[in-house]
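Geometric and topological summary
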Amino acid sequence: MKVSDFQENEAALAHEAKAYNVALDDEPAYAAMVGSIVSMFALIEDYAPQFLSRLTGLSYQDAHSIMGTFRAFSNRLDLIKAVYKPRGIGSVDAIVGSHYVGLLNEANRIRNKYAHATYSTTRKSIILKTFSSDYNRGPEQIEQTEADFQADIIRLRRITAELHGLIHRNEIPRSLHKQLLKLSP
């Protein structure tokens, strides 16, 4: 291409940008739910370095700095796994680590479903075309109602509560407690 191949048309671009619309613009309730999901994940994401800190004894600042070198959240979770796996599959650290990494993975999957989707609407639902621009994954088309969005929001709230309980009050859910009791003689 050459510079002469292009024409400047700022007025047309400004008009087009002002008129541009996406499906969620016409569905404020769905847009608000997507916003809640993305916002909750940002809170959940901050628990990963706190968990690494707890698992290793590193300061939060050091754990945060180490995790910050990884761009992908999944790589941050791989780091946590690399810390607890050598301690043995039946160790307290491995059982607790596996549970919480599972929660963090689940939260990441929920977030990615919404954050990497394009949206369209029907009369009763929203259609999510997930990972439409990711050439390494096959896009999936998911039809969701408001109840489906709410179920994901409720699940993210539960994940947040479990992470918060562990980090700030040293509390774990009953199912994890039962697993750990099996280790005691």
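Here the structure is shown first, and the text comes after it.
When you go through the protein chain residue by residue, the secondary structure sums to eight helices and three strands. The N-to-C order of helical and strand elements in the protein chain reads α-α-α-α-α-α-β-β-β-α-α. Radius of gyration (C-alpha) of the protein chain: 21 Å, far over the 16 Å computed for a compact globule of 185 residues. In terms of overall dimensions, the protein chain has C-alpha extents of about 75 × 45 × 30 Å along its principal axes. Here the protein chain holds 185 residues, and 35% of them are scored as buried. Put simply, 58% of the contacts in the protein chain that link residues at least 6 apart link residues at least 24 apart. Total accessible area on the protein chain stands at roughly 11900 Å², and carbon and sulfur atoms take up 52% of it. For the protein chain, the distance from the average position of its 22 positive side-chain charges to the average position of its 21 negative side-chain charges is 9 Å.

This paragraph deals with the sheet that holds strand β1 (residues 117-121). Strand order in the open sheet formed by three strands is β1-β2-β3, and the pairing between neighbours is antiparallel. The open sheet has two edge strands, β1 and β3 (140-144), and neither has a second partner. Ignoring strand direction, the axes of neighbouring strands in this sheet form an average angle of 25°. In this sheet, β3 lies alongside strand β2 (residues 126-130) in antiparallel orientation, the contact comprising five bridges. Across the sheet, residue Ile 127 finds its bridge partner in β3, namely Glu 143. Sheet strands touched by helix α6 (residues 92-115): β1, β2 and β3. Its angle to β1, the strand with the most contacts, is close to 60°.

With that settled, consider the pattern of salt bridges. Applying the stated criterion across every chain, the model contains seven salt bridges. As a salt-bridge pair, Asp 93 and Arg 87 come within 2.5 Å of each other at their nearest N and O atoms. Relative accessible area serves as the criterion here: at 37%, Arg 87 is assigned to the partly exposed category. Of the charged contacts, one joins Glu 162 and Arg 158 as a salt bridge, the two residues approaching to 2.8 Å between their closest N and O atoms.

Attention shifts here to the packing of aromatic side chains. Taken as a whole, this structure holds four aromatic pairs when the rule is applied. Ring centres of Phe 51 and Tyr 100 lie 5.7 Å apart, and the angle between their planes is 40°; this geometry places the pair in the tilted category. In this pair, Phe 51 is assigned in helix α3 (residues 47-56) and Tyr 100 in helix α6, connecting sequence segments 49 residues apart. Tyr 100 matches Phe 51 in its accessibility class, with the two residues each being buried. Taken together, a centroid distance of 5.1 Å and an interplanar angle of 45° make the contact between Tyr 114 and Phe 149 tilted. You can see Tyr 114 sitting in helix α6 and its partner Phe 149 sitting in helix α7 (residues 146-169), a full 35 residues away along the chain. Comparing Tyr 114 with Phe 149 shows no difference in burial state: the two are buried. Put simply, the rings of Tyr 30, Tyr 114 and Phe 149 touch in pairs and so form one group of aromatic residues.

Formed by 45 residues in total, the largest nonpolar core has its most connected members in Phe 51, Ile 80, Tyr 100, Tyr 114, Tyr 119, Leu 128 and Phe 149. Here this core gets ten residues from one element, more than from any other, and that element is α6. Ignoring sequence-local partners within four residues, the contact set of Phe 51 consists of Ile 80, Val 96, Gly 97, Tyr 100, Leu 166 and Ile 167.

Cut-off values and rules
- Residues numbered from 1 in each chain as written.
- Predicted model: local features only at pLDDT ≥ 70, side-chain atom pairs only at ≥ 80, totals over all residues.
- Heavy atoms only, no water.
- Helix = DSSP H or I, 4+ residues; strand = E, 2+ residues; numbered from the N terminus.
- Rg over C-alpha atoms; globule rule 2.2 N^0.38 Å.
- Buried < 20%, exposed > 50% of the residue type's maximum accessible area, 1.4 Å probe, protein only.
- Contact = heavy atoms within 4.5 Å.
- Areas by Shrake-Rupley, 256 points an atom, 1.4 Å probe, with all protein chains shown as cover.
- Lys, Arg positive; Asp, Glu negative; His and termini not counted.
- Charge placed at Lys NZ, Arg CZ, Asp CG, Glu CD.
- Pairing = 2+ DSSP bridges.
- Axes fitted to C-alpha atoms, helices over the stretch in contact; angles between N-to-C directions.
- Salt bridge = Lys/Arg side-chain N within 4 Å of Asp/Glu carboxyl O.
- Phe/Tyr/Trp six-rings, centres within 6.5 Å; stacked < 30°, edge-to-face > 60°.
- Core = buried A, V, L, I, M, F, W, Y, C linked by side-chain atoms within 4.5 Å.

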